[in-house]
Amino acid sequence: MKKVGLNEIRKEFLEFFGEKEHLVAPSFSLVPKNDKSLLLINAGMAPLKPYFTGAQEPPRRRMATCQKCVRTGDIENVGKTARHATFFEMLGNFSFGDYFKKEAIEWAWEFMTERMEIPVEKLWVSIYEEDDEAYEIWNKHIGIKSDRIVKLGKEDNFWELEVGPCGPCSEIYVDRGEKYGCGSESCKPGCDCDRYVEVWNLVFSQFDKDEKGNYNPVPHPNIDTGMGLERISAVMQNAENIFYTDVIKQLLNKVEKVSGITYGENEKKDMSIRVITDHIRAMTFLVADGVLPSNEGRGYVLRRLIRRAARHGKLLGIENDFLSTLVATVAKLWGEAYPDLIDKLPHVQKIIKIEEEKFQETIDQGINILNEYIENIIENNEKVLSGGMAFKLYDTYGFPLDLTKEILEEHNLSVDEDGFNTEMEKQRERARKAREEGDNQAWSKDSLLPIDTKLKTEFSGYTETSLGSKIVEVLKEGNSEKLLGTNEKGIILLDETPFYPEGGGQVGDTGLLKGNDFVAKVDDTKKNNIGQILHFVEVLEGTLSNGAEVHAEINKSQRLSTARNHSVTHLLHKALKEVLGEHVNQAGSLVMPERLRFDFTHFEAIKKEDIDRIEEIVNNKIFEGLEVNTIETSLDEARKQGAAALFDEKYGDVVRLVKIGEYSKELCGGTHVSNSSQIGMFKIISESGVASGVRRIEAITGKKAYEFFADIDTQINQISDILKSNRKDIINRAQQVADEIRHLEKEVEKLKSDLAMSKLDDIINESMDINGVKVISKRIDGMDMNSLRQLGDKTRDSMNSVLIVFGSVLEDKVSFVAMATKDLTSKGIHAGNIVREVAKIAGGGGGGRPDMAQAGGKDPSKVDEALSIVKDIVISQLK
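Below is a short write-up of the structure.

About the cut-offs
- Residues numbered from 1 in each chain as written.
- Predicted model: local features only at pLDDT ≥ 70, side-chain atom pairs only at ≥ 80, totals over all residues.
- Heavy atoms only, no water.
- Pairing = 2+ DSSP bridges.
- Helix = DSSP H or I, 4+ residues; strand = E, 2+ residues; numbered from the N terminus.
- Axes fitted to C-alpha atoms, helices over the stretch in contact; angles between N-to-C directions.
- Contact = heavy atoms within 4.5 Å.
- Buried < 20%, exposed > 50% of the residue type's maximum accessible area, 1.4 Å probe, protein only.
- Parallel < 35°, antiparallel > 145°, perpendicular 65-115°, else oblique.
- Left-handed = near helix turned anticlockwise from the far one by under 90°.

A word on the sheet that holds strand β27 (residues 664-667)
Strand order in the open sheet formed by three strands is β25-β26-β27, and the pairing between neighbours is antiparallel. Two strands lie at the open edges of the sheet, namely β25 (628-634) and β27, each paired on one side alone. On average, each strand axis in the sheet is tilted by 25° relative to the strand beside it, whichever way the strands run. One ladder, built from seven bridges, connects β25 with strand β26 (residues 654-660); its direction is antiparallel. Pairing of Ser634 across the sheet is with Val654, part of β26. Sheet strands touched by helix α17 (residues 556-580): β26 and β27. Its angle to β26, the strand with the most contacts, is close to 75°.

Looking at helix α4 (residues 132-142)
Residues of α4 that are buried: Ala134, Tyr135, Ile137, Trp138 and Asn139. Buried residues in α4 make contact with α3 (101-115), β4 (123-128), β5 (149-152), β7 (164-175) and β8 (196-209). Residue Gly143 follows α4 closely and has a positive phi angle near 95°.

Considering the pairing of strand β23 (residues 586-591)
Within a regular strand, the side chains alternate between the two sheet faces. Two elements, β23 and strand β24 (residues 596-601), share five bridges in a ladder whose sense is antiparallel. Within the sheet, the bridge partner assigned to Ser589 lies in β24 and is Phe598. Where β23 folds back on β24, the antiparallel hairpin that results is connected by four residues.

With respect to unusual backbone geometry
Positive phi values are uncommon outside glycine, yet Asn238 reaches one of about 50°. The phi dihedral of Asn412 falls on the positive side, at around 60°, and the residue is not glycine. Residue placement: Asn412 occurs in the loop between α14 (401-409) and β11 (414-415).

Remarks on the packing of helix α10 (residues 323-334) against helix α12 (residues 345-379)
With their axes 8 Å apart at the nearest point, α10 and α12 run at an angle of 150° to one another. Relative to α12, the element α10 is oriented roughly antiparallel. Handedness of the α10/α12 crossing: right-handed. Along its contact with α10, which presents Leu323, Ser324, Val327, Ala328 and Ala331, the element α12 presents Leu345, Val348, Gln349, Ile352, Lys353 and Glu356.

Overview of the sheet that holds strand β30 (residues 768-770)
Reading across from one edge, β30-β31-β32-β33-β35-β34 is the order of the six strands in this open sheet, with mixed pairing throughout. Of all the strands in the sheet, just β30 and β34 (845-848) have a single pairing partner and so form its edges. Each strand axis lies, on average, 20° off the axis of its neighbour in the sheet, ignoring direction. Here six bridges tie strand β33 (residues 813-820) to strand β35 (residues 852-857), and the two strands are oriented antiparallel to one another. Directly across from Ala818, in β35, lies its bridge partner Ala853.

Written out as structure tokens, the structure is:
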């Protein structure tokens, strides 16, 4: 058995099945596409489900992948043992109705014995106990002795869900030797000990299980195989576990270097090193695939991983941020197989660094508080942390519930999860959606309209705005029909169309269909999940019939406006990267005729000067009149030319590259202008945050931009008229008016102060004596809070010992001020408490220091009543 590294095994596997006429596809994103049942891709076959169910046509009947996967069901166990991992790679070869058991078994055996050079005597296989066909192939065709073929029951060797595709499976095991065994004479595959390691599972999907439990044979059975890359690497390298395999060990060594801790000397520290080694891989790949930390869904998984790893860094004595440093090591070790890790390294590092910094700000305080909780629980002989306390740790200090549970478990304690969930429900904006609704949904087909899957529409909208066509299907309320009458609505398919279907953020075209006997308007155009273009129509005149010849014409004005907005998003994307940095990536878009919306990854509001710079760059590229060209090419060639691709898009063998001069190059299926000058002009209307780490720009172009500036021009003329100034001097005139207003405001303040001072003698004379304390309680309307305070200061300064409480109403706003000289505060007088009680009577509140306080009220009619209680409050404070 040759000793071979993880990267080499991956390469050899894919090359092997490429030689067997498989389409070797790159790994799909960890973010599922068009599959709401999955939070993250967790198996090699998961992205291929539409091909297995027949919902989509596969690009080739034979495929092979090395799929990156994340499983989150037992994150809290990762690190506790060397068996668990959140991130792993799954090697797989697949057949969609092409080859079946014989070829799958032959090739698996060939790869294991010839490519991997595993001695035959070390290999065992298991089969489903009723699968005689598989037994015959292994025994008679491959030549494995019957005592090396273990028959197991449904629980072990039959893959199925409640309904849907299913079938028996056969597993290949490697005998690691007696030292890993249990010593039992009956020890063989299926035993719970570590001697026999299952490395490859071959699933023969030959049945379709119905709701009655019947196993119906399918006419074209499928093959789905999976071999964990890390596990086969451990076997091939005779490594004790995956953390001792070549590439992962290099990453672990980096963790040792960063922490200054040697692995293998202390089990608790070993656990922390394993946690960080595993989690740094998972978080790096997740961020590279576009996942951002949040409190929901896959973003919450990422947040848990980052914060759990950061906490274990603390346990190792690492005081500073360190995770973003390790990201570079992951990119270096896995970058050859996954070039995106290299391309997106700065972006990934920045996101992880920001999230780690957020947690570092509160982690020490949070851990101290949790330790206090733990001490109290133990002192009171309790075992459970309340849900409210756990939620406070989550909400205030960023502790995911799982992290709190993990720390509690270290002390043999638990948490009231129901109580936590109740608190979470009270804050709905932080509520997390369930990770997945169930395995049955994982295989459910998207709802399809009852359209013959053989019907196809040729899209000619890139070059044509109108053309002759033929109706090939008519649908009304989801049912196939022959006719649609006047005012009736439905969906039709054409054999050829100029109408662009909604996709890539761009809305669908509208327009008209004209036949000999009818006119219909197209309100929208969409594409279903098998690629058919659906025209949503309303018949304006006559009767539309299946098979009719039509003239299809899009709304050209709307299309051009949409194209302007789509092309400018490409310029905007590039300008954002130039001004803000390469970490900026598109996170969503909406392209309409009226406006555009562009979401992108960034972590703070954009400064005004940067917005101005972005606008300037985009408009300069518009004014340069750059040619817009589209090229159909391979994905590799497009990348070589520097094309930007969206992280959540899956591209075929041929891609459409949109080039705006040499400035912008993006893969895009939308419609565009032919020259950047057609965009006219570009104006950003707003910039805002839509999620953690995601910003949004809304903008306009063309006629809408003209209308925007024309409206501003009208407003400037109106302002000029109001200010009695010409347009040229409007700013100077506005500044002059503002200065005059400020001067007048100061004059008013001075007059108010002078007026108040003129009343000072009268106010002092109205003081009353309460148990030897001079008290002034008076209403003086027309004064704001500032003027009231000034009057209070003057009054207090004019008397040696006094308590002052003033109330005022100005434009229905109620203000109270209370002040006391120092000698009175030592006797128990507290201005803050007095003004608080006074304000309550007027429906308000406030408070402050013993010597000075202020408050507001809501009910002007209660001011006199409020001031009347001052005497009683003073008496109570002097007791």
